[in-house]
Amino acid sequence: MRLDALLRTAVDVIVERGFANTRTADVAKAAGVSQALVFYHFTSKDALLSQAFAYAADQDLARLHSVISSNASSVEKLKRLVKLLAPTGRSKSWMMWIDGWSEALRTPELEKVSRRMDLRWKEGLTEVIAAGVADGSFTCDDPAGAAWRINAIIDGLAVQLTVHEKAISRKQAFDWMRMVAAREVGLDPAALA
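- An unreviewed UniProt entry lists the chain under the name Transcriptional regulator, from Catellatospora bangladeshensis.

See the structure below:
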């Protein structure tokens, strides 16, 4: 079995069982391979979980970089990033992030991976905001701070939408996400609709 397929299977098992309840035996069984093969690829359970998290986050980051490298305007890029960051349905990605953050409190290897991946999101958003300031689309004295604040609001609302599904509507959460992003860069929220 290829490493890529094993990581995909590990992600599915982690989403179903959670980081804390996922065993290497669970991943091996779901992949239809021996536990020895899992340990051939990963030195420990923590290594497996960390690499599976990085694999899932890399899929998200590829979509982020696709938006950043597009020829779209700065306003359109910000609009796309807010939509991209917002969870839809029972988002497998958000379930991984939320559970990963929790498990990172106890697993140093996972904390390093989640911190690195999280910072890449913020750097990408900072890049879009800074480019918008440079081309005159945005007004913002602190693109990095704005990126952190936008991301914090989106992360917090995504946790509510994912964990407490009916606490607020997706439309309300998305409207708030757009409003915060727009305010941070001096736009009317309608510009990000």
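### Some thoughts on the UniProt feature "DNA-binding region" (unreviewed entry) in the chain
Reasoning step 1: Listed under "DNA-binding region" (unreviewed entry) in the UniProt record, and renumbered for this structure, are residues 23-42.
Reasoning step 2: Helix makes up 75% of residues 23-42 and strand makes up 0%, while its end C-alpha atoms are separated by 13 Å.

### Focus on the packing of helix H4 (residues 45-68) against helix H5 (residues 74-85)
Reasoning step 1: Remark: H4 packs on H5, axes separated minimally by 9 Å, with the N-to-C direction vectors making an angle of 165 degrees. Taken together, the axes of H4 and H5 lie roughly antiparallel to each other. Viewed along their axes, H4 and H5 form a crossing whose handedness is right-handed. In this structure, H4 uses Arg63, Leu64, Val67 and Ile68 to contact H5, whose residues at the interface are Lys77, Arg80, Leu81 and Leu84.
Reasoning step 2: Looking at the contact of H4 with H5, its residues break down into 5 nonpolar, no polar and 3 charged.

### A look at the layout of surface pockets
Reasoning step 1: In this structure, the largest pocket occupies an estimated 240 Å³ of space.
Reasoning step 2: Along the wall of the largest pocket there are 17 residues; nearest its centre are Asp60, Leu84, Leu85, Ser93 and Trp94.
Reasoning step 3: Secondary structure elements with two or more residues in the lining of the largest pocket: H4, H5, helix H6 (92-104), helix H7 (108-134) and helix H8 (143-163).
Reasoning step 4: Of the residues forming the lining of the largest pocket, the biggest block, 4 residues, is contributed by H6.

### A few points about H5
Helical geometry: 3.6 residues make up each α-helical turn, so side chains three or four residues apart lie on a common side.
Reasoning step 1: In a regular helix each residue adds 1.5 Å, so 12 residues correspond to 16 Å; H5 covers 16 Å between its end C-alpha atoms and thus fits that length.
Reasoning step 2: Listed as buried for H5 are Ser74, Lys77, Leu78, Lys79, Leu81, Val82 and Leu85.
Reasoning step 3: Where H5 is buried, its residues meet H4, H6, H7, H8 and helix H9 (170-184).

### Things to note about the nonpolar core
In globular proteins that are soluble, nonpolar side chains generally tend to be buried together.
Reasoning step 1: Residues Phe53, Leu78, Met96, Met117, Ile129 and Met177 are the most contacted members of the largest nonpolar core, which totals 62 residues.
Reasoning step 2: Where this core is concerned, the elements lending two or more residues are helix H1 (3-17), helix H2 (24-31), H4, H5, H6, H7, H8 and H9.
Reasoning step 3: Counting residues per element, this core draws most heavily on H4, at 13 residues.
Reasoning step 4: Those residues in contact with Met177 that lie beyond four places of it in its chain are Val82, Ala86, Pro87, Ile154, Leu157, Ala158 and Leu161.

### Remarks on the packing of aromatic side chains
Reasoning step 1: Under the definition given, this model contains 4 aromatic pairs.
Reasoning step 2: Each ring, one from Phe19 and one from Phe53, has its centre 6.2 Å from the other, and the planes form 55 degrees; the classification is tilted. Of this pair, Phe19 sits in the loop between H1 and H2 while Phe53 sits in helix H4, and the two are 34 residues apart along the sequence.
Reasoning step 3: For the ring pair Phe53 and Trp97, a centre distance of 4.9 Å and an interplane angle of 75 degrees mean the geometry is edge-to-face. Taken as a pair, Phe53 in helix H4 and Trp97 in helix H6 lie far apart in primary sequence, 44 residues in all. Assigned by exposure class, Phe53 and Trp97 land together as buried.
Reasoning step 4: Each member of the aromatic cluster is reached from another via a ring pair, and the members are Phe19, Phe53, Trp94, Trp97 and Trp101.
Reasoning step 5: In this arrangement the basic side chain of Lys122 is found over the ring face of Trp148, its NZ or CZ atom lying 4.6 Å from the centre.

### With respect to the pattern of salt bridges
Reasoning step 1: As enumerated under the stated definition, the model contains 13 salt bridges in all.
Reasoning step 2: Notably, a salt bridge pairs Asp58 with Arg120, separated by 3.7 Å at the nearest N-O pair. Taken as a pair, Asp58 in helix H4 and Arg120 in helix H7 lie far apart in primary sequence, 62 residues in all.
Reasoning step 3: Here Asp58 falls in the partly exposed class, since its relative accessible area comes to 33%.
Reasoning step 4: Residue Arg120 is classed as partly exposed on the basis of its relative accessible area, which comes to 30%.
Reasoning step 5: Between Lys122 and Asp118 there is a salt bridge, and its shortest N-O distance comes to 2.5 Å. On the criterion of helical spacing, the pair formed by Lys122 and Asp118 is a turn pair, its members being 4 residues apart in helix H7.
Reasoning step 6: Look at Lys122 and you get buried, because its relative accessible area is 5%.
Reasoning step 7: Owing to a relative accessible area of 14%, Asp118 belongs among the buried residues under this scheme.
Reasoning step 8: Through salt bridges with shared partners, a single ionic network connects Arg17, Arg23 and Asp26.

Rules used in this analysis
Residues numbered from 1 in each chain as written. Predicted model: local features only at pLDDT ≥ 70, side-chain atom pairs only at ≥ 80, totals over all residues. Heavy atoms only, no water. UniProt positions renumbered as here; feature names shortened; annotations may be inferred. Helix = DSSP H or I, 4+ residues; strand = E, 2+ residues; numbered from the N terminus. Axes fitted to C-alpha atoms, helices over the stretch in contact; angles between N-to-C directions. Parallel < 35°, antiparallel > 145°, perpendicular 65-115°, else oblique. Left-handed = near helix turned anticlockwise from the far one by under 90°. Contact = heavy atoms within 4.5 Å. Nonpolar A, V, L, I, M, F, W, Y, C, P; charged D, E, K, R; others polar. 1 Å grid on protein atoms, 1.4 Å probe; cavity = no way out; pocket = protein on both sides within 12 Å on 5 of 7 lines; lining within 4 Å. Points joined across faces, edges and corners; volume = space filled by probe spheres on them. Expected span 1.5 Å × (residues − 1). Buried < 20%, exposed > 50% of the residue type's maximum accessible area, 1.4 Å probe, protein only. Core = buried A, V, L, I, M, F, W, Y, C linked by side-chain atoms within 4.5 Å. Phe/Tyr/Trp six-rings, centres within 6.5 Å; stacked < 30°, edge-to-face > 60°. Lys NZ or Arg CZ within 6 Å of the ring centre and 35° of its normal. Salt bridge = Lys/Arg side-chain N within 4 Å of Asp/Glu carboxyl O.

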